[in-house]
Amino acid sequence: MKKFSGLMLLGCSALALAGCGADDIASPGAGSVVVNNGGGTPTPTPTPTTGIIEAAAECPTFNATGGLSNDGTIEDPNGNSWRICTLPALVDASSSLPNEAGVLYRINGRVDVGCDGGFSVPTSGSPYTTTTASCLNAGISNLTSDTSVELTIDPGVIVYAENAADPAWLAVNRGNTIQANGTASSPIVFTSRQNVVGSATDSSDRQWGGIVLLGRGIITDCTAGGSVATQDCQRETEGAATPATFGGRNNGYSAGSMRYVQIRYSGYNLAPDAELQSLTGGGLGTGTTLDYIQTVNSSDDGSEFFGGAVNMKHYIAVNADDDSLDTDTGLKGNFQYLLLLQRAGAGDAFFEIDSNNNINSDPADRQQSTFANFTAIQSGNRPDNSDEASILVRGDADINFVNGIINTPSNECIRIDGRTATGSATFTANSVVMTCGDTGPFLSTGSQYSGTNTAEDMFNAGTNNNASITSTLTSTFVNGSNENGVMAYANIADFSSFFDVVDYIGAVRDANDTWYRGWTCDNATADFGTGSLCTGLPVA
């Protein structure tokens, strides 16, 4: 069993004391936990559990130049003491962060995994002058091969970040990889210093940058040289103070693997329209593994993918202050089992899908993505914003929605922006059901048109769709009788062999389907029954 520091277990109301003690889990959870609070007194008050953890005497060995910096200790609100082991600004050799008792790993400012190796793999005959600032500061410039650095993070590791002169974030540069593979019972947690010391709340965000994976996939909308026409397009990462470039011709590129990972309280706005997300992918390829990832309280998007080809399953975005999932610049993406949960009256679209209108109408250059088995929930009025609807499709994107549930009873569901008959956004929908606002499921403005078809026309052309279902979701996001009465789309594998063929819509079939439990954290928007609140740290 795990013990967790944090707030009182969600769902245990003071109005129901007889039915909610320390060993009770609000649906959809199960099992027993001990919870201790840094933000309010539970009722009844549990026996104090302080001093569970003692700081390690020293930091583990780390192969990169300079190793890990021993920066003293830090205490959490429950009296646990941790050794602070700070990563160097440049991880220049393959290194590991082991799970050792009493150790927290720290990112202070930008941390680079390897040096950017350029558009294609450099060789002695075709060297590349890297633009990675930490590499140049270390005297590394002319590359004749990839630096091929791999950062390995063990299950259960906690990495926290605090902003120095620049925001703290982790950049895995082209030609390098990350292996951050937790387990269902021992996830990896990336979070903020405020979360460690107990000052992060359910409404906190923008406390550090996030995780950025950079690759050599094909992109559009070039900001760092090249063009779509000559197939040498490159782009700079939004929000980066110094170059963090991505793009190439390899849509099979591997930036490594991330599984069973939480990313909390991140997203950082350096300037208007220049933000870091919890998870940013630039030019990734299908060789990259992304599975069981939870983003919590990002000040921008939960995740955003720019170009390349991305396959992702079991993604949870909670309380993204902008979009839950944003896809851009010619992405070829496949996404399945998505829980997109926004706090009431906050956030923007669940899906913002575009390519910024800076490409031609050649289908090979357009974004072509499929989103399957998703459940997206916004219970309150969305604030006034540019997207205006729960799904926004625009900018030369061809999209498929399959086996999905949209529950946003106070808002419009779909908006589509086209620009010309030959270069317009399109989508298909099959086995998609929606609960939308009183103004109707489709935004009733001229901007919804794509050629001669409206969003309503496209939606109605699909099979087993319902734009006005009565929601019977239970425990916030678990299918009820109405959702399970919808026939799933049988031909999902036609879109990609990546997809599992299932006989239900939505992300969570029923109370026995618990893929979201154990590796996630809970807050007021979503109780996953884990017993670990996002405002506290998991303590083994």
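Residues numbered from 1 in each chain as written. Predicted model: local features only at pLDDT ≥ 70, side-chain atom pairs only at ≥ 80, totals over all residues. Heavy atoms only, no water.

**Looking at the overall build of the chain**
Put simply, the rule reads: The way it works is that DSSP assigns letters per residue, a run of H or I at least four long becomes a helix, a run of E at least two long becomes a strand, and they are numbered from the N terminus. Buried means the residue's accessible area, taken with a 1.4 Å probe over protein chains only, is under 20% of the maximum for its type, while exposed means over 50%, and partly exposed covers the values in between. Whether two residues are in contact is decided by their heavy atoms, any of which lying within 4.5 Å being enough. All accessible-area figures derive from a Shrake-Rupley calculation using a 1.4 Å probe, and residue coverage is judged against the displayed protein chains alone.
From N to C terminus, the chain includes four helices and 34 strands. Evaluated residue by residue, the chain yields a buried proportion of 60% over its 540 residues. Residue pairs in contact within the chain that sit at least 24 positions apart in sequence constitute 72% of those at least 6 positions apart. As presented, the chain carries roughly 18,700 Å² of accessible surface, and 47% of it is formed by carbon and sulfur atoms.

**What about the pairing of strand β8 (residues 110–113)?**
Keep this limit in mind: At least two bridges found by DSSP between two strands is the condition for calling them paired.
Judged by which residues are buried, β8 turns out to be covered on both faces: R110 and D112 on one side and V111 and V113 on the other are all buried. Pairing geometry for strand β5 (residues 90–91) and β8, over two bridges, is parallel. Note on β8: the bridge partner recorded for V91 is V113. Two strands pair when backbone bridges link them, and β8 and strand β13 (residues 169–172) are joined in this way by four bridges, in the parallel orientation. Across the sheet, D112 pairs through a bridge with A171, a residue of β13.

**Observations concerning the state of the cysteines**
Where we set the bar: Note on disulfides: each one is a pair of cysteine sulfur atoms within 2.5 Å.
Under the defined criterion, the tally for this structure stands at five disulfides. Each disulfide pairs two cysteine sulfurs, and for C59 the partner residue is C85, the sulfurs being separated by 2.2 Å. A torsion of -100° about the S-S bond marks the disulfide between C59 and C85 as left-handed. With a gap of 26 residues between them, C59 in the loop between β2 (34–36) and β3 (69–75) and C85 in strand β4 (residues 81–86) connect regions that are remote in the sequence. Here C59 falls in the buried class, since its relative accessible area comes to 15%. Residue class for C85 comes out buried when judged on its relative accessible area of 0%. Here C222 is linked by a disulfide to C233, with a sulfur-sulfur distance of 2.1 Å. The sign of the -125° torsion about the S-S bond sets the C222-C233 disulfide as left-handed.

**So, the sheet that holds β5**
Across the sheet, which stays open at both edges, the ten strands sit in the order β5-β8-β13-β16-β22-β24-β26-β28-β30-β32 with parallel pairing between neighbours. For this open sheet the edge positions go to β5 and β32 (414–416), each flanked by a neighbour on one side alone. Where strand β24 (residues 303–306) lies against strand β26 (residues 325–328), four bridges are found, and the strand directions are parallel. Paired with F306 across the strands is D328, a residue of β26.

**Details of the packing of aromatic side chains**
The cut-off we apply is this: Only centres within 6.5 Å qualify two rings of Phe, Tyr or Trp (six-membered ring in Trp) as a pair; their planes then separate them into stacked at under 30 degrees, edge-to-face at over 60, and tilted for everything else.
Tallying each qualifying case throughout the model produces 19 aromatic pairs. Aromatic pair F305 and F335: ring centres 5.8 Å apart, planes at 45°, arrangement tilted. Taken together, the residues F305 in strand β24 and F335 in strand β27 (residues 332–342) connect sequence positions 30 residues apart. Since its relative accessible area comes to 1%, F305 is described here as buried. On the basis of relative accessibility, which here comes to 0%, the residue F335 falls in the buried class. Arranged with centres 6.2 Å apart and planes meeting at 75°, the rings of W515 and Y516 form a pair that is edge-to-face. The pair formed by W515 and Y516 is uniform in burial state, with each residue classed as buried. Taken together, the ring pairs in this structure connect F305, F335, F351, F371, F374, F401 and F427 into an aromatic cluster.

**Some thoughts on the confidence of the model for the chain**
This is how the line gets drawn: Values of pLDDT, which run from 0 to 100, indicate the predictor's confidence residue by residue.
Looking at the chain, the pLDDT average stands at 86 and 85% of residues meet or exceed 70. Overall, residues 1–49 carries pLDDT values under 50, and its contacts beyond four positions in sequence, including any with other chains, amount to 100 contacts.

**Topic: the pairing of strand β31 (residues 397–407)**
Summarising burial for β31: eleven of the eleven residues are buried, a large majority. Where strand β29 (residues 367–378) meets β31, ten bridges bridge the pair, whose relative direction is parallel. Pairing of F374 across the sheet is with G404, part of β31. In the sheet, β31 pairs with strand β33 (residues 426–435) via nine bridges, with the strands oriented parallel. Paired with F401 across the two strands is A429, which belongs to β33.

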